[in-house]
Amino acid sequence: MFKRATNIRSGFRLLHTRVPLTRGGRNHRAVLVSSGVVAGSLLWYSQSKPTVIYNDIVVEIQEAPSKKSLEAPLQDPDTLYSLVWGSNKSSTLLLDEAGSEAIRTPGVAKWLEGVALRDLALHQDHAACIDAKGDVYQWGRGHFGSESHSRPHLTLRNKNIIQVQLTKSRLFALSASGRIYCMEVDASKQELRPGAPTPSSYPWWSTGWFWGEDENVDFVEIKVQQGQKERFKSISAGENHLLALTSSGHAFAHPLNAHANAYGQLGFRKFQVPHPKYRLEELLQVHLVPKSLVGKVESFGDEDAAEWKTDDTIRFCPFVFEIPSLKGVSIAQIAAGARTSFARTGDGRVLGWGANEYGQIGLGANATLETITVPSEVNLWRTVSPRVSSRCIDVSAGGDLTSFMVEYSEGVASPTVDILMCGNGQWGGLGNNIFSNAQGTPMRARGLGTLTEYDESRKTMVPILPRAISVSPTGHVLMTLDTSAGKNQGRDLYVWGKNHDSELGNGKKSSLPAPTTLSAGEERIMLYEKRGVKVMDLQGRVWGRVNVEQKALAGYNSSIVYWKIQN
């Protein structure tokens, strides 16, 4: 995977002697020679044998704490290793090595050795993943509390999960059958109350009891209102809202709490929650009005509505609702920032709505509204010639920063791809070599759209295209380049943005305002693909042989490169 530079720690130490130095010619030279011989002997002895050197001043030698999980692996083609770096304050990277000290350079997470995952998500103080079997595991202080832990905790099982998303208090999981499940993050809140029915026995939960899949953890299934038949294929979570996309291209939104629409990020105002005084079948009609319109969140329609405002639980709202202004629009991708929402259409156009005080929606310098309550188109081709055809092929959002991957084509020439960034670039996350805390017009990340390589099969120079990009909620960015020989020779990993907790992995803590390749020692870190590799689930059992590739993920002040099972 990579070759770590050897860290050579000096075994030298200061020697002290009481032999006086005189000016007596031969005697003086003899003393110097004898002192040099003694010093040389002691130095040789101190490095050849790890014992204490007794001298006039006794210095206690403290060995550096051992971090076996960070040891560089051998180049074993049959073993999968995952790399981690950045903040590990809440044990989200290395489960058994919590501490305030950040992991400053990429190291190996041995608890993921030989493991390939379907998906993984990192939050500020907790994390979750889906193993090869499709079961959900959670870990971190936000999940376990103050208890120490050396292994992730199996929570949601036998649901064939393919995607997981995290918020501060919730976990959302999407199954291969298109169902959305919601769980508490805190392990103590996942326990079923004594005598309470299992989740599958509720009428709006799944029928797991029929298949013998009753659980011992509490969860709910988020469904479409009024019995609509929809199969979801992807989800994306912000701070207080969730976006969901169906296989038919319909976009839905789900409120997590009473703050879910404070910036208009839901795309609608009216929804239904369980009535606080009656059974679950009784629903209460409420409105969440964006702050920009009334200055506060208000509810209408029932005098008891105030009771649900503090009800921040998984049963706050049992439904997802189709975004009214996007009905009839075929959506290919959805993406959620902290307080913003995006939808990409099949023909490469992008619509955005929600918070915009940093210009994170990308509507341009003239759009000075801090809240956009109606999905509005993002103009990504302001400076493009009319002869050039352009379309957006990917949107990624995190916190108050947004990236757009835009493809340009002209005539018979090979298409090129640029990364456009907008939003809060206070720590260099815009990638344009400028530190700016507000950027409303999407700008090119420096140097990525001009990279080329020689293609042996075509005997010509071709552009190097970005393969994937991950934007952290805290301000740093990881991007993978897709070279023509990337499957065999590896793909470059570029990093930029905030680096206060060494989340860029370069051993420093100064932020970078422009994309830079990540290296380990003298060699660049390359991401690879493997075919027919034996993988294990997180129970240590061999699951089978599958095709896998390395994926870079930017979390909260942390980063990870893990092996992902290819679809």
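Treat the numbers as computed from the prediction; the structure is a model and nothing was measured. Once a new chain begins, its residue numbering starts again from 1 and follows that chain's sequence as written. At least 70 in pLDDT is required for a residue's local features to be given in this predicted model, at least 80 for side-chain atom pairs to be given and counted, and no such filter applies to totals for whole chains, interfaces and linings, which use all residues. The side-chain values count all of the structure's non-hydrogen atoms but skip hydrogen atoms and water molecules.

## Things to note about the overall build of the chain
- If you tally the helices and strands in the chain, you get five helices and 36 strands.
- To sort residues, take the accessible area from a 1.4 Å probe on protein chains only and compare it with the maximum for the residue type: under 20% means buried, over 50% means exposed, and anything in between is partly exposed. Classification of the 567 residues of the chain by burial places 52% in the buried group.
- Every residue pair with non-hydrogen atoms within 4.5 Å of one another is taken to be in contact. Excluding contacts between residues fewer than 6 apart, the proportion of contacts in the chain whose partners are at least 24 apart in sequence is 54%.
- For the area figures, the Shrake-Rupley method with a 1.4 Å probe applies, and any residue is considered shielded solely by the protein chains shown. Here the chain has roughly 27300 Å² of accessible surface; of this, 49% comes from carbon and sulfur atoms. The helix and strand labels rest on DSSP assignments: H or I over at least four residues marks a helix, E over at least two residues marks a strand, and numbering proceeds from the N terminus.

## Things to note about the nonpolar core
- Nonpolar core, defined: a set of buried Ala, Val, Leu, Ile, Met, Phe, Trp, Tyr and Cys residues in which side-chain atoms within 4.5 Å join the residues together. Formed by 42 residues in total, the largest nonpolar core has its most connected members in Phe271, Phe342, Val350, Leu380 and Phe404.
- With four residues, the top contributor of residues to this core is strand β17 (residues 331-336).
- Formed by 37 residues, the second largest nonpolar core is a distinct cluster that contains Leu83, Leu94, Leu512 and Val561.

## Let's talk about the environment of Glu410
- Relative to the assigned elements, Glu410 resides in the loop between β22 (401-409) and β23 (416-423).
- When its relative accessible area of 40% is taken as the criterion, Glu410 is described as partly exposed.
- In the structure, Glu410 is positioned 20 residues away from Ser390 in sequence and 8.9 Å away in space, judged by C-alpha atoms.

## Observations concerning the pairing of strand β18 (residues 340-345)
- Summarising burial for β18: six of the six residues are buried, a large majority.
- Every second residue of β18 is oriented toward a common face, with Thr340, Phe342 and Arg344 on one face and Ser341, Ala343 and Thr345 on the other, all of them buried.
- In this description, strands pair whenever DSSP reports at least two bridges between them. By the bridge criterion, five bridges tie β17 to β18 in an arrangement that is antiparallel. The residue of β18 that forms the bridge with Gln333 is Arg344.
- Hairpin remark: β17 followed by β18, antiparallel, with three residues in the connecting loop.
- Examined bridge by bridge, β18 and strand β19 (residues 350-355) share five bridges and lie antiparallel to one another. What sits directly across from Ser341, in β19, is Trp353.
- Linkage of β18 to β19, two consecutive antiparallel strands, is achieved through a turn of four residues, within which Gly348 is found at a positive phi near 90°.

## Description of the sheet that holds strand β20 (residues 371-377)
- If you walk across this open sheet you meet the four strands as β17-β18-β19-β20, and the pairing is antiparallel. Looking at which strands have only one partner, the edges of the open sheet turn out to be β17 and β20. If you compare each strand with its neighbour and ignore which way they point, the axes differ by 10° on average. All axes are obtained by fitting lines to C-alpha atoms, using only the stretch in contact for helices, and the reported angles, taken between N-to-C directions, cover 0 to 180 degrees.

## Remarks on the pattern of salt bridges
- Salt bridge criterion: a side-chain nitrogen from Lys or Arg within 4 Å of a carboxyl oxygen from Asp or Glu. Enumeration over the complete set of coordinates arrives at 16 salt bridges.
- The salt bridge involving Arg467 is made with Glu549; its shortest N-O contact spans 3.0 Å. Remark: Glu549 occurs in strand β35 (residues 542-554) and Arg467 occurs in strand β27 (residues 465-471); sequence separation between them is 82 residues.
- A salt bridge links Asp537 to Arg541; the nearest nitrogen and oxygen atoms lie 3.6 Å apart.
- When its relative accessible area of 46% is taken as the criterion, Arg541 is described as partly exposed.
- Several salt bridges share partner residues, and in doing so they unite Arg467, Asp482, Arg491, Glu529 and Glu549 into one network.

## So, the sheet that holds strand β8 (residues 170-175)
- Strand order in the open sheet formed by eight strands is β7-β8-β9-β10-β16-β13-β12-β11, and the pairing between neighbours is mixed. In this open sheet, the two edge strands, each paired with only one partner strand, are β7 (161-166) and β11 (232-237). Each adjacent strand pair in this sheet contributes to an overall mean axis angle of 30°, direction not counted.

## Description of unusual backbone geometry
- One non-glycine residue with positive phi stands out, namely Ser91, at about 60°.
- Tracing the backbone shows Ser91 in the loop between β1 (83-86) and β2 (103-108).
- Positioned with a positive phi, Asn160 is a non-glycine residue whose angle comes to about 55°.
- Relative to the helices and strands, Asn160 is located in the loop between β6 (153-156) and β7.
- Judged by relative accessible area, which is 38%, Asn160 ranks as partly exposed.

## Observations concerning the confidence of the model for the chain
- Per residue, pLDDT measures the predictor's confidence, with a range of 0 to 100. When pLDDT is averaged across the chain, the result is 81; 76% of the residues are at 70 or more.
- Of the regions scoring below 50 in pLDDT, residues 71-75 engages in nine contacts with residues more than four places distant in sequence or in other chains.
- Note that residues 295-302 has pLDDT below 50 and, in this model, 20 contacts with residues that lie over four places away or in other chains.

## Things to note about the pairing of strand β29 (residues 491-497)
- By the criterion of burial, β29 is predominantly enclosed, with seven of the seven residues buried.
- Bridge count for strand β28 (residues 476-482) against β29 is five bridges, and the pairing is antiparallel. Bridge assignment links Val477 to a residue of β29, and that residue is Trp496.
- Of the strand pairs in this sheet, β29 and strand β33 (residues 526-527) are connected by two bridges, and their pairing is antiparallel. Within the sheet, the bridge partner assigned to Arg491 lies in β33 and is Leu527.
- Pairing geometry for β29 and strand β30 (residues 512-517), over three bridges, is antiparallel. Residue pairing for β30: Gly497 is matched across the bridge by Leu512.

## Thoughts on the packing of aromatic side chains
- Two rings belonging to Phe, Tyr or Trp (six-membered ring only in the last case) form a pair when the distance between their centres is within 6.5 Å. Interplanar angles under 30 degrees mark stacking, angles over 60 mark edge-to-face geometry, and anything in between is tilted. Taken as a whole, this structure holds six aromatic pairs when the rule is applied.
- Measuring from ring centre to ring centre gives 5.5 Å for Phe232 and Phe252, while their planes differ by 80°; the resulting arrangement is edge-to-face. Of the two residues, Phe232 sits in strand β11 while Phe252 sits in strand β13 (residues 251-255), which places them 20 residues apart along the sequence. As far as the burial class goes, Phe232 and Phe252 line up, both buried.
- Centroid distance Phe319 to Phe321: 6.2 Å. Interplanar angle 70°. Geometry classified as edge-to-face.
- Taking relative accessible area as the criterion, Phe321 reaches 8% and is therefore assigned buried.
- In this structure an aromatic cluster arises from ring pairing among Phe268, Phe319 and Phe321.
- Put simply, a charge is over a ring when the Lys NZ or the Arg CZ is close to the ring centre, within 6 Å, and near the line of the ring normal, within 35 degrees. Above the face of the Tyr263 ring, Arg339 is positioned so that its terminal group lies 4.7 Å from the ring centre.
- The ring of Trp427 has Lys498 sitting right over it, with the charged end atom 4.9 Å from the ring centre.

## Observations concerning the environment of Leu478
- Turning to its location among the elements, Leu478 is positioned in strand β28.
- Put simply, Leu478 and Thr516 are 38 residues apart on the chain and 9.8 Å apart in space, counted from C-alpha to C-alpha.
- Once residues within four sequence positions are removed from consideration, Leu478 is found in contact with Ala468, Ile469, Ser470, Leu493, Tyr494, Val495, Ala552, Leu553, Ala554 and Ser559.

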